[in-house]
Amino acid sequence: MSDNKDTQDDDIEFSQDELEELKKQGIDDDELDDIVKSVNEALSDNANAKETHTAYDKMDFIPYHADDTPLMSVYAAINFFEIKHKPKKNSKADDKDSKDDKAATVCEKQSTESATVQNEAANKSPKILESTVNTKDKGDSTKTSDSENESDDDKQKQADIVRTMLAKKHSEKTVDHKSVRINIEAGALPTKMFFIMNGLSAIIAGYGLLANSPAVVIGAMLIAMMLSPITSAALAVIDAQLSLLKTSLMTLFGGVFVIYAVGMVLGLLYPDNVMTSEILSRTAPTTMDLMVALAGGAAGAYAMISPNLSVAVVGVAVATALVPPLTASGILLSAGEARLAMGALILAITNMLAIQFTNALVLWFAGFRRTLDDKDVSKLGQIGLFLKRNSAVLLALVLIGGYLSMNLKQTLNEQNFERQSVALIEESLQNQPTYLMSQNFSQNKDTRTVRLVLEGTTPPTQTQVKQLEQQIQDIADHRFKDGKTISLQVRFIPQIIIESDGVNRHDVKLSSDDIKQRESSTP
């Protein structure tokens, strides 16, 4: 028998509909217990223990120690099924017994030969009769074997049906409200582990941001523990537990302070490395970030209460990251970039509010709610009561959502402006022996600066640059209403082509591939 009590000692109860379904499959109540028992043994971790003892039964001795533990495994190189215990005879008494046995054997052989001579005639029966009997026996044996195989197949099919139903019952496990509540409320406590793990996560995230390494930043997301107090705050709101809400907010603010302080220290240590793309990408949040946080928060809450989705919490930690934007905000603030630091902080606040709201929504509909006054339910209904208890968070999300919508519109306008400007520049250079190597767009309070790096044989004239600048200004005036002027700066790199035939190639329009090929072939 297996020692896996988690599998075999569980009382499995089938509903009436499930029993009816099993009966349709040919499984009666009397057979169900035996099938469930055999399935549990097959699913057990120690299911091979029975085979080990069966192998020992084939031996003339059982190789056990004095403490009843097996001497060796049945899967050793020796085939136990072929082992035959043959005792060795070492004493004189054993030799005497051997001689007596030999004499008895000789007498028995003589008697057998005599009986064989007397019955020789009787044994000369027709060959046809003997063949008929053997054929009949062989047919009966074949029918018996086929019947046994069919019986084994039926048992296997019934076992597969029961296994499938057990798996379905396991996947439909209901939420254990008590254990989930305990786990969520435990996450609200300001433990030493909470602050240590968040501090280490901030250090990893900070260096990943400064080194512009997405992989390191993702690693910091996975060890952070900022989701726990937010979920406990959501439970406190829908349960109307003021004490739990205070504890959750204190723990959350403590974690934010630790992460922000680590970011500021890193910004002071490395002030020249703060403008990396990993940091700047978190300074302009949009409604897209809000949607990601809402979906991630809902997925995290559902994974937390579901008994089969605990692994999904890892993905939620990456999707709704809190540590990187908080760390980036601290780094930028210590480097004197207050505007960018505020953008990263708004992203972190957006994620916190979105996670709290969606966690509360999932927990509410999963049955995690406490009604203090039945009159409120009768007046407002379940949805109305939920919105009433989460009105502050919902209002904050609406205000931040408006700000993020303006950010999204501004970001889309900037992208369209840059795309149209680059297309215009390339079109203006189409009939000239000049190529656009790179471009950069930046802006300050009054001016948008466009920097170009051109390479070719003939530099553009000042008139051409002025004309191109005016065309870009027209695009900016159409896209933006901020009145900023365009400043076009061109850096030209001359490209001189010298060939042995003395032909002047300065006015020839060469492709960028031709130029690279000539450069590579030049010694």
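Everything that follows concerns the structure shown earlier in this document.
Given the structure is predicted, the values throughout are model-derived calculations rather than measurements.

Caption draft 1: Here's a closer look at the pattern of salt bridges. Applying the stated criterion across every chain, the model contains 5 salt bridges. The partner of Asp-239 in a salt bridge is Arg-181, and the shortest N-O contact between them spans 2.3 Å. Here Asp-239 is found in helix α10 (residues 227–239), whereas its partner Arg-181 is found in helix α7 (residues 177–186), with 58 residues between them in sequence. A relative accessible area of 22% means that Arg-181 is categorised as partly exposed. Asp-482 is the salt-bridge partner of Arg-448, the closest N and O atoms lying 2.9 Å from each other. Taken as a pair, Arg-448 in strand β2 (residues 447–456) and Asp-482 in the loop between α19 (462–479) and β3 (485–494) lie far apart in primary sequence, 34 residues in all. With relative accessibility at 3%, the residue Arg-448 sits in the buried group. Among the residues examined, Asp-482 registers a relative accessible area of 40% and is labelled partly exposed. One connected set of salt bridges, linked through shared partners, spans Glu-414, Arg-448 and Asp-482.

Caption draft 2: Highlighting the sheet that holds β3. Strand order in the open sheet formed by 3 strands is β1-β2-β3, with mixed pairing between adjacent strands. With one partner strand each, in any of the chains shown, β1 (434–443) and β3 form the two edges of the open sheet. Pairwise comparison of adjacent strand axes, ignoring direction, gives a mean angle of 15° for this sheet. This element, helix α18 (residues 391–428), spans β1, β2 and β3 of the sheet and lies at about 155° to β1. Of the strands in this sheet, β2 and β3 touch α19, which is tilted by about 140° from β3.

Caption draft 3: A look at the packing of aromatic side chains. Taken as a whole and judged by the stated rule, the model has 6 aromatic pairs. Here the aromatic residues Phe-357, Trp-364 and Phe-386 are joined through ring pairs into a cluster of three or more. The ring of Phe-480 has Arg-448 sitting right over it, with the charged end atom 3.7 Å from the ring centre.

Caption draft 4: Fine view of the layout of surface pockets. In this structure, the largest pocket encloses a volume near 1,100 Å³. In terms of lining residues, the largest pocket is bounded by 28 residues, among which Thr-283, Ala-284, Arg-339, Leu-340 and Gln-443 are the most central. Those elements that place two or more of their residues in the lining of the largest pocket are α12 (277–280), α13 (287–305), α16 (338–365), α18, β1 and β2. Element by element, the count of residues in the lining of the largest pocket is highest for α18, at 10 residues.

How each quantity is defined
Residues numbered from 1 in each chain as written. Predicted model: local features only at pLDDT ≥ 70, side-chain atom pairs only at ≥ 80, totals over all residues. Heavy atoms only, no water. Salt bridge = Lys/Arg side-chain N within 4 Å of Asp/Glu carboxyl O. Helix = DSSP H or I, 4+ residues; strand = E, 2+ residues; numbered from the N terminus. Buried < 20%, exposed > 50% of the residue type's maximum accessible area, 1.4 Å probe, protein only. Pairing = 2+ DSSP bridges. Axes fitted to C-alpha atoms, helices over the stretch in contact; angles between N-to-C directions. Contact = heavy atoms within 4.5 Å. Phe/Tyr/Trp six-rings, centres within 6.5 Å; stacked < 30°, edge-to-face > 60°. Lys NZ or Arg CZ within 6 Å of the ring centre and 35° of its normal. 1 Å grid on protein atoms, 1.4 Å probe; cavity = no way out; pocket = protein on both sides within 12 Å on 5 of 7 lines; lining within 4 Å. Points joined across faces, edges and corners; volume = space filled by probe spheres on them.

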